[in-house]
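# Observations on the model geometry
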Amino acid sequence: MKRRHFSALLLATGLGLSSAAIALKPPTERPVLTVSGKIGLKNAGDKARFDMKMMEALPQHSFTTRTPWYDKPMKFTGPLLADVLAAVKASGTTVSAVAINDYKINIPVADTTRHKVIVARLLDDQPMPVREKGPLFVVYPFDDSSELRSSTYYERSIWQLKALDVQ
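Residues numbered from 1 in each chain as written. Predicted model: local features only at pLDDT ≥ 70, side-chain atom pairs only at ≥ 80, totals over all residues. Heavy atoms only, no water.

### Brief notes about the sheet that holds strand β3 (residues 61-65)
The four strands lie next to each other as β3-β4-β8-β9, forming an open sheet whose pairing is antiparallel. Bordering the open sheet on either side are β3 and β9 (126-127), each of which pairs with just one other strand. In the sheet, β3 pairs with strand β4 (residues 74-78) via five bridges, with the strands oriented antiparallel. By the bridge assignment for β4, His 61 is matched with Gly 78. (Pairing = 2+ DSSP bridges. Helix = DSSP H or I, 4+ residues; strand = E, 2+ residues; numbered from the N terminus.)

### A closer look at the sheet that holds strand β2 (residues 48-51)
Pairing within the open sheet is mixed, and its five strands lie in the order β2-β1-β11-β5-β6. Edge positions in the sheet fall to β2 and β6 (104-108), since each has one partner strand and no second. Within this sheet the neighbouring strands show an average axis-to-axis angle of 20°, counted without direction. Bridge count between strand β1 (residues 31-37) and β2: four bridges; the pairing is antiparallel. (Axes fitted to C-alpha atoms, helices over the stretch in contact; angles between N-to-C directions.)

### Concerning the environment of Glu 132
The residue Glu 132 is located in the loop between β9 and β10 (137-139) in this model. Classification of Glu 132 as partly exposed rests on a relative accessible area of 36%. Each C-alpha atom, one on Glu 132 and one on Trp 159, is 8.9 Å from the other, the two residues being 27 residues apart in sequence. (Buried < 20%, exposed > 50% of the residue type's maximum accessible area, 1.4 Å probe, protein only.)

Functional significance is not addressed by these values, which are geometric in nature.
Rendered as structure tokens:
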């Protein structure tokens, strides 16, 4: 009897965890990122919105790399772009990234599996204000490969990110 009760408890807990894992709660603070397009999880009509706490709740990654925008190597921290896309169950092949000033660039989803592209929310362990390319900055680990040190990847490193449209 105890074993059956324990099995039922495990099953119920597992089901609870799986349904919680697939829920995307709405932001409780000002949204910093909107994801639209070919996504399976939404929390704001046909879009998914993230506030900074939601971005912080995703697994965090850091790397230090040289960039064309700073005169020394800088440490960037935030979730992998792949994790942001997974959080909304994205199913496209291209992500159109849009900055606060409406600059747009297409990022192949394949980049997120080939490179550890992050959506940085911290620069040298500090939040990034808008005037410092924040609050979100898509960054490639440029020092990992000479291939990444090119205009193609520098252009995909969009700062002041506000939206992703999965196509």
